[in-house]
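Results of the structural survey
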Amino acid sequence: MSTTNYPLLERVNDPADLRRLPRAELKALATELRAFLLESVSKTGGHLSSNLGTVELTVALHAVFDTPRDRLVWDVGHQTYPHKILTGRRDRMPSLRQLGGLSGFPQRAESEYDTFGTAHSSTSISAALGMALAAKQRGDERRCVAIIGDGAMTAGMAFEALNNAGVADANLLVILNDNDMSISPPVGALNRYLAQLMSGQFYAKARDVGKSVLKNAPPLLELAKRLEQQAKGMVVPATLFEKFGFNYIGPIDGHDLDSLIPTLENIRGLKGPQF
């Protein structure tokens, strides 16, 4: 597939190339990545919407974490086309899901960036926890990240992993991609809880008021942004994930690189289980 219309994307042959790009160019890279994905999948078939939903998240993860030394474990695997494109497999995308071509899922034999072979759902937290515990035992400072969707989050295996991770004292980050989508509509008590968490208006209104008051004082506005997450902890009742022993941060807009990258940079230096 020609990449002549993707000047930034064709410069990224691995995540190290991405990390060398100026921060200001990452939004344009995400735009090109989304356009390339649309063009590619329209020819090969495959999972489209789930991958369109992880474009900015994928860019942010590879920009912040030192992959492949740091481990990214993608749940289900339907959402990893952007990951494949940014990890040296862009030119092979025309072979996606074809005999002898690229797998539609992460595959360890295919790339060192595919740290766990995922197909069925809800295995990512367990796998990433195992990697984090192994790193701790070896005295390795690598970070381990599990990316799981709200559909996969309802499975018992995911909750077993949360239960263990909350007391394991391992450097594990779990990212919940709450897009309200799965093979069938997500239902049940957890889905209701996530909907309530995402629809709360208190923080959005408080943030907007603060921005309007501080818009003419940029240093104060920047200070307010930095304090926002810390201040939240003083007024928010503990979340379900905090009850499991995780430090909970969020929710944030998964398509906003200006929020994703600083948040991930802050989390990267934290010890213990993060959600």
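This one's a predicted model, so the numbers in the text were calculated from it and none came from an experiment.

Details of the overall build of the protein
The helix and strand tally for the protein stands at 12 helices and three strands. Taken across its 275 residues, the protein has 44% of its residues classed as buried. Pairs at least 24 residues apart make up 71% of the contacts formed inside the protein by residues separated by at least 6 positions. Just so you have it, the protein exposes about 13800 Å², and 55% of that area is on carbon and sulfur atoms.

Re the side chain of Asp 70
Here Asp 70 lies in the loop between helix 4 (55-64) and strand 1 (71-74). For the buried Asp 70, which has no salt bridge, the nearest side chain bearing the opposite charge is Arg 69, at an N-O separation of 4.3 Å. Polar side-chain contacts of Asp 70 include one of 2.7 Å to the backbone nitrogen of Asp 66. Setting aside anything within four residues of it in sequence, one finds Asp 70 in contact with Phe 65, Arg 142 and Arg 143.

A look at the pattern of salt bridges
It is possible for side chains of opposite charge to pair when their charged atoms get near one another. Considering all chains together, one arrives at 15 salt bridges under this definition. Here Glu 265 makes a salt bridge to Arg 23, at a shortest N to O gap of 2.6 Å. Remark: Arg 23 occurs in the loop between helix 1 (15-20) and helix 2 (26-44) and Glu 265 occurs in helix 12 (residues 257-268); sequence separation between them is 242 residues. As a salt-bridge pair, Lys 27 and Asp 258 come within 2.7 Å of each other at their nearest N and O atoms. Within this pair, whereas Lys 27 is found in helix 2, its partner Asp 258 is found in helix 12, the two being separated by 231 residues in sequence. Relative accessible area serves as the criterion here: at 44%, Lys 27 is assigned to the partly exposed category. Asp 258 gets classed as exposed once you look at its relative accessible area, which sits at 51%. Here the residues in one salt-bridge network are Lys 84, Arg 89, Glu 110 and Asp 114, joined through shared partners.

Observations regarding the sheet that holds strand 3 (residues 172-177)
Strand order in the open sheet formed by three strands is 1-2-3, with parallel pairing between adjacent strands. With partners counted over all chains shown, the strands left at the sheet margins are strand 1 and strand 3, one partner each. Taking the axes of each pair of neighbouring strands and ignoring which way they run, one obtains an average angle of 20° across the sheet. With six bridges joining them, strand 2 (residues 144-149) and strand 3 adopt parallel strand pairing. Counted as the bridge partner of Ala 146 is Val 174 from strand 3.

Regarding the nonpolar core
Leu 29, Val 59 and Leu 61 are the most contacted members of the largest nonpolar core, which has 37 residues in total. Mapped by element, the contributors of at least two residues to this core are helix 2, helix 4, strand 1, helix 5 (81-89), strand 2, strand 3 and helix 12. It is helix 2 that provides the largest number of residues to this core, a total of seven residues. If we ignore the near neighbours within four places in the chain, the residues touching Val 59 are Leu 18, Leu 26, Leu 29, Ala 30, Leu 33, Leu 86 and Leu 257. Formed by 26 residues, the second largest nonpolar core is a distinct cluster that contains Ile 125, Leu 162, Phe 241 and Tyr 248.

Things to note about the environment of Asn 247
Inspection of the secondary structure puts Asn 247 in the loop between helix 11 (240-243) and helix 12. Between the C-alpha atoms of Asn 247 and Gly 272, which are 25 residues apart in sequence, the distance is 8.1 Å. Residues in contact with Asn 247, not counting those within four places in the same chain, are Leu 270, Pro 273, Gln 274 and Phe 275. There is a polar contact of 2.6 Å between the side chain of Asn 247 and the side chain of Gln 274.

Re the environment of Leu 86
Locating Leu 86 in the fold gives a position in helix 5. In this structure Leu 86 comes out as buried when scored by relative accessible area, which is 0%. Note: C-alpha distance between Leu 86 and Leu 9 (77 residues apart in sequence) is 8.1 Å. Those residues within four positions of Leu 86 in sequence are excluded, and the remaining contacts are Leu 9, Val 12, Asn 13, Asp 14, Pro 15, Leu 18, Leu 33, Thr 58 and Val 59.

What about the pairing of strand 2?
For strand 2, a buried count of six out of six residues is recorded, marking the element as mostly surrounded by other parts of the structure. Looking at chain direction, strand 1 and strand 2 are connected through four bridges and run parallel. Bridged to Trp 74 within strand 2 is Ile 147.

The rules behind the values
Residues numbered from 1 in each chain as written. Predicted model: local features only at pLDDT ≥ 70, side-chain atom pairs only at ≥ 80, totals over all residues. Heavy atoms only, no water. Helix = DSSP H or I, 4+ residues; strand = E, 2+ residues; numbered from the N terminus. Buried < 20%, exposed > 50% of the residue type's maximum accessible area, 1.4 Å probe, protein only. Contact = heavy atoms within 4.5 Å. Areas by Shrake-Rupley, 256 points an atom, 1.4 Å probe, with all protein chains shown as cover. Lys, Arg positive; Asp, Glu negative; His and termini not counted. Salt bridge = Lys/Arg side-chain N within 4 Å of Asp/Glu carboxyl O. Polar contact = N/O pair within 3.5 Å; in protein donor to acceptor, adjacent residues only side chain to side chain. Pairing = 2+ DSSP bridges. Axes fitted to C-alpha atoms, helices over the stretch in contact; angles between N-to-C directions. Core = buried A, V, L, I, M, F, W, Y, C linked by side-chain atoms within 4.5 Å.

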